[in-house]
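Remarks on the overall topology
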Amino acid sequence: MSQTVDRALSILPLLAEGPADLGQVADRLGVHKSTALRLLRTLHEHGLVYRQSDQRYRLGARLFALAQEAMENLDIREIAHPHLVRLNEQCGHTVHLAVHEENEVLYIDKVESRYPVRMYSRIGKPVAITVAAVAKLLLADLPEPERRALADTLDYPLYTARSTPNAPAFLRELEQVREQGWATDLGGHEESINCVAAPVRGADGRVVAAMSVSAPNVVVTAEELLTLLPLVRRTADAISGEYSGRTPVRDPA
């Protein structure tokens with residue numbers, strides 16, 4: 001049964017790449033077409049895949065509905081969003097919210113910049129974990145044994161000359177982030193993009209999410225972006241207070 005479930009679930013990322021026919025699905029799974037057809041029919045019955053008129057399969061509407069429902073039920077996203085919008089209105093730059101789940105750091109909300117130069121980042125996509133400011137904040141909050149164990153399992157791609165090169169350097173940076181309570185990515189992922197981030201904490205003081213402001217060099221310099229750090233930290237503190245119940249929710253004006 002577990003193998004059947006595993007095979008069925010393996011179909012979904014394949015179809016996320018685009019529609020595929022029965023033969024392509026069978027080849028990807030390494031099974032006979034009859035086995036692939038049974039799996040596809042089951043997924044189709046649940047609305048997770050859809051068979052097109054050309055007999056190719058694509059992801060079904062039910063899957064997107066479930067994903068949207070799950071996103072809406074992430075309380076931290078619902079609480080944080082108005083704060084992110086206000087921050088975006090104040091500074092004009094791209095604002096992100098991210099969480100740490102199963103060894104990945106994922107964006108769960110984004111408010112676009114008002115400027116014509118936009119960042120290529122998407123809700124639900126993992127971030128570059130060894131360089132992203134939000135990832136540093138979330139991983140820095142892990143207990144030291146977990147930080148060290150995780151650091152040893154990561155790859156350290158050199159996106160730019162400023163990318164974190166190895167596990168010892170990453171651990172030193174996480175320790176610094178842990179001490180100062182905020183993080184930056186100054187050209188570590190893309191040379192032209194800078195980012196400053198602050199943590200969102202729960203009632204127990206642990207970091208439950210991280211939020212950031214990002215902007216390209218053509219809009220503001222790294223030094224200019226860093227002047228927004230107090231505003232970013234105040235926004236994160238406001239989200240933390242509301243999420244943890246330390247501050248009352250204000251009625252809309």
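Residues numbered from 1 in each chain as written. Predicted model: local features only at pLDDT ≥ 70, side-chain atom pairs only at ≥ 80, totals over all residues. Heavy atoms only, no water.

**Quick notes on the packing of helix 5 (residues 75-91) against helix 10 (residues 229-244)**
Here helix 5 crosses helix 10 at 155°, and the two axes come no closer than 10 Å. Compared by their axis directions, helix 5 and helix 10 come out roughly antiparallel. Taken as a pair, helix 5 and helix 10 cross one another with a handedness that is right-handed. Residues Ile76, Ile79, Ala80, His83, Leu84, Leu87 and Gln90 of helix 5 form the contact with helix 10, whose own contacting residues are Leu231, Thr235, Ala238, Ile239, Glu242 and Tyr243. In terms of residue class, the contact of helix 5 with helix 10 is built from nine nonpolar, three polar and one charged. (Axes fitted to C-alpha atoms, helices over the stretch in contact; angles between N-to-C directions. Helix = DSSP H or I, 4+ residues; strand = E, 2+ residues; numbered from the N terminus. Parallel < 35°, antiparallel > 145°, perpendicular 65-115°, else oblique. Left-handed = near helix turned anticlockwise from the far one by under 90°. Contact = heavy atoms within 4.5 Å. Nonpolar A, V, L, I, M, F, W, Y, C, P; charged D, E, K, R; others polar.)

**Structural notes on the sheet that holds strand 6 (residues 193-201)**
One open sheet holds the five strands; their spatial order is 4-3-7-6-5, and the pairing between them is antiparallel. Two strands close off the open sheet at either side, each with one partner strand: strand 4 (104-111) and strand 5 (183-186). Averaged over neighbouring strand pairs, the angle between their axes works out to 25° when direction is ignored. Strand direction decides the pairing type here: strand 5 and strand 6, joined by four bridges, are antiparallel. Counted as the bridge partner of Asp185 is Cys195 from strand 6. (Pairing = 2+ DSSP bridges.)

**Brief notes about the environment of Leu158**
Looking at the element boundaries, Leu158 is found in the loop between helix 7 (144-153) and helix 8 (167-180). Distance from Leu158 to Val131, taken between C-alpha atoms, is 9.5 Å for residues 27 residues apart in sequence. Look past the residues within four positions of Leu158 in its chain and what remains in contact with it is Ser163, Thr164 and Pro165.

**Comments concerning the pairing of strand 3 (residues 94-101)**
Consecutive side chains of a regular strand alternate in pointing toward one face of the sheet and then the other. For strand 3, the buried fraction is high: six of the eight residues fall into the buried class. Where strand 3 lies against strand 7 (residues 207-216), five bridges are found, and the strand directions are antiparallel. Residue pairing across strands places Ala98 opposite Ala210, the latter belonging to strand 7. When strand 3 meets strand 4, the two strands line up antiparallel, connected through seven bridges. (Buried < 20%, exposed > 50% of the residue type's maximum accessible area, 1.4 Å probe, protein only.)

**Description of the pattern of salt bridges**
Tallying each qualifying case throughout the model produces nine salt bridges. Among the salt bridges present, the one from Arg56 reaches Asp54, with a minimum N-O distance of 2.9 Å. A salt bridge links Lys110 to Glu112, with the shortest nitrogen-to-oxygen separation between them at 3.3 Å. A relative accessible area of 34% means that Glu112 is categorised as partly exposed. (Salt bridge = Lys/Arg side-chain N within 4 Å of Asp/Glu carboxyl O.)

**Description of the UniProt feature "domain: HTH iclR-type" (unreviewed entry) in the protein chain**
The sites that UniProt annotates as "domain: HTH iclR-type" (unreviewed entry) are residues 2-61. The distance from the first to the last C-alpha atom of residues 2-61 is 25 Å, and the span holds 62% helix and 10% strand. (UniProt positions renumbered as here; feature names shortened; annotations may be inferred.)

**Observations concerning the packing of aromatic side chains**
Across all of its chains, the model carries one aromatic pair by this definition. Note on Tyr156 and Phe170: the rings are 5.8 Å apart at their centroids and 65° apart in plane angle, and the pair reads as edge-to-face. Of this pair, Tyr156 sits in the loop between helix 7 and helix 8 while Phe170 sits in helix 8, placing them 14 residues apart in sequence. On the basis of relative accessibility, which here comes to 15%, the residue Tyr156 falls in the buried class. By relative accessible area, Phe170 is classed as buried at 1%. (Phe/Tyr/Trp six-rings, centres within 6.5 Å; stacked < 30°, edge-to-face > 60°.)

**Points about unusual backbone geometry**
The phi torsion at Gln55 lies on the positive side, around 70°, for a residue other than glycine. With respect to the secondary-structure elements, Gln55 resides in the loop between strand 1 (49-51) and strand 2 (57-59).

**A closer look at helix 7**
The periodicity of an α-helix, 3.6 residues per turn, causes residues three or four positions apart to be oriented the same way. All buried positions along helix 7 are accounted for by Arg147, Leu150 and Ala151. Down the axis of helix 7, the buried side of the element spans an arc of 100°, and every buried residue falls inside it. Turned more than 90 degrees off the buried face of helix 7, the exposed positions are Pro145, Asp152 and Thr153. Check the buried side of helix 7 and you find it contacts helix 6 (133-140) and helix 8. (Arc of directions from axis to C-beta.)

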